[in-house]
Amino acid sequence: MLKFVAVALLLAACSVWGDQCCTPKQWESFIGIENTTAVDGMIKVTQSYATESYDFDKKKIALVFPAIGMRIVQDYNKHMMYTIVAGMCFTTPWPAPMFNCVPDNATLLASFEMGGSGGLMIDQYDLQVFLPGFKGYMQLSRPGCLPISQTQYFDSYVTMFGFTNVTEGIKDPSVFDIPSPPCPAMDIDNVVKPLLFEPAHP
Ligand SMILES: *[C@@H]1O[C@H](CO)[C@@H](O)[C@H](O)[C@H]1NC(C)=O
Ligand SMILES: *[C@@H]1O[C@H](CO)[C@@H](O)[C@H](O)[C@H]1NC(C)=O
Ligand SMILES: *[C@@H]1O[C@H](CO)[C@@H](O)[C@H](O)[C@H]1NC(C)=O
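Residues numbered from 1 in each chain as written. Chains lettered and ligands numbered in written order. Predicted model: local features only at pLDDT ≥ 70, side-chain atom pairs only at ≥ 80, totals over all residues. Heavy atoms only, no water.

Before going further, it helps to examine the layout of surface pockets. If you add up the space inside the largest pocket, you get close to 950 Å³. Lining of the largest pocket is provided by 41 residues; of these, Gln74, Leu131, Gln150, Gln152 and Phe161 occupy positions nearest its centre. Breaking the lining of the largest pocket down by element, the ones donating at least two residues are strand E1 (26-39), strand E2 (42-55), strand E3 (60-65), strand E4 (70-75), strand E9 (135-141), strand E10 (147-153) and strand E11 (157-168). Residue contributions to the lining of the largest pocket peak at five residues, all from E2. Here the lining of the largest pocket is built from residues that sort into 30 nonpolar, 10 polar and one charged. (1 Å grid on protein atoms, 1.4 Å probe; cavity = no way out; pocket = protein on both sides within 12 Å on 5 of 7 lines; lining within 4 Å. Points joined across faces, edges and corners; volume = space filled by probe spheres on them. Helix = DSSP H or I, 4+ residues; strand = E, 2+ residues; numbered from the N terminus. Nonpolar A, V, L, I, M, F, W, Y, C, P; charged D, E, K, R; others polar.)

Dropping the structure here:
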């Protein structure tokens, strides 16, 4: 009997360590954004919201900000970010990698249980591996591996993104569309590299 218990525990331990945290390949979420800036020694907090669409097959992430009529599309194949606002389209290089699973070298900072015993388990990772060059942390649910929040520390401000109402799949794939024009040259495959990094001015 004791031997059986020991084996069962070992298996349980294996499955806990063995199952990698991978988000669904396509998901969407409501995002609450809180930006805290120090202005003349005073803390200023601004809030906004967006919806995020994540498609690991297309290697694209779209952010729609309905209040200001802005849409951002990050293309992780082309390493470009497109900002579409007021009929204009701006391009910015976006060299960050896209992740579907928590990389092996991600640093787990802490784990929390939200809502008391039996509540939602959250793993908090250092942001460094997910978004090289950025300071902050990333929280994912476990099990499920769904985004909970992301916090980025900049020199003079902190931005927090809170993810709620995460749903699997993409309701409207047109969120990933790049208007062409005014963003044509940047969206053509095999275009000369230096051209890609010239910001487009409408
Ligand atoms: C947060 O505030 C900083 C400083 O004012 C600004 O540069 C940045 O774009 C803001 N970010 C968001 C998401 O509003
Ligand atoms: C983590 O691993 C990836 C892939 O092997 C590597 O590109 C990245 O530099 C590593 N990051 C850190 C912080 O070690
Ligand atoms: C989030 O989901 C809840 C439950 O389905 C719903 O009542 C709420 O309106 C949703 N919020 C947003 C901002 O979509």
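Read on, since the account is not over.
Before going further, it helps to spend a moment on the packing of aromatic side chains. For the structure shown, the criterion picks out nine aromatic pairs. Measuring from ring centre to ring centre gives 6.1 Å for tryptophan 27 and phenylalanine 163, while their planes differ by 75°; the resulting arrangement is edge-to-face. Note that tryptophan 27 is positioned in strand E1 and phenylalanine 163 in strand E11, a separation of 136 residues in sequence. Each member of the pair, tryptophan 27 together with phenylalanine 163, is buried. Between tyrosine 125 and phenylalanine 130 the ring centres are 6.0 Å apart and the planes differ by 65°, which places this aromatic pair in the edge-to-face class. (Phe/Tyr/Trp six-rings, centres within 6.5 Å; stacked < 30°, edge-to-face > 60°. Buried < 20%, exposed > 50% of the residue type's maximum accessible area, 1.4 Å probe, protein only.)

What follows is about the site of ligand 1. Around ligand 1 sit Asn35, Thr37 and Tyr157, and that is every residue in its neighbourhood. In the environment of ligand 1, an oxygen atom lies 2.3 Å from a nitrogen or oxygen atom belonging to the side chain of asparagine 35. For ligand 1, the accessible surface in isolation is 360 Å², of which the surrounding protein chains cover 46%. (Near = heavy atom within 4 Å. Polar contact = N/O pair within 3.5 Å; in protein donor to acceptor, adjacent residues only side chain to side chain. Areas by Shrake-Rupley, 256 points an atom, 1.4 Å probe, with all protein chains shown as cover.)

If you look at the biggest cluster of nonpolar residues, it comprises 27 residues, and the most contacted ones within it are Phe65, Val102, Phe130 and Leu140. Breaking this core down by element, the ones donating at least two residues are E1, E2, E3, E4 and E9. By size, the runner-up hydrophobic cluster in this structure holds 10 residues, among which are Val73, Met80, Tyr82 and Ile178. (Core = buried A, V, L, I, M, F, W, Y, C linked by side-chain atoms within 4.5 Å.)

On to the sheet that holds E2. Pairing between the strands of a sheet comes from backbone hydrogen bonds, and it takes one of two forms, parallel or antiparallel. If you walk across this open sheet you meet the 11 strands as E6-E5-E4-E3-E2-E1-E11-E10-E9-E8-E7, and the pairing is antiparallel. Pairing within the sheet leaves two strands with one partner each, and these edge strands are strand E6 (88-93) and strand E7 (108-114). Neighbour-to-neighbour, the strand axes of this sheet turn through a mean angle of 20°, independent of strand direction. Across five bridges, the pairing between E10 and E11 is antiparallel. Bridge pairing in E11 places glutamine 150 opposite phenylalanine 161. (Pairing = 2+ DSSP bridges. Axes fitted to C-alpha atoms, helices over the stretch in contact; angles between N-to-C directions.)

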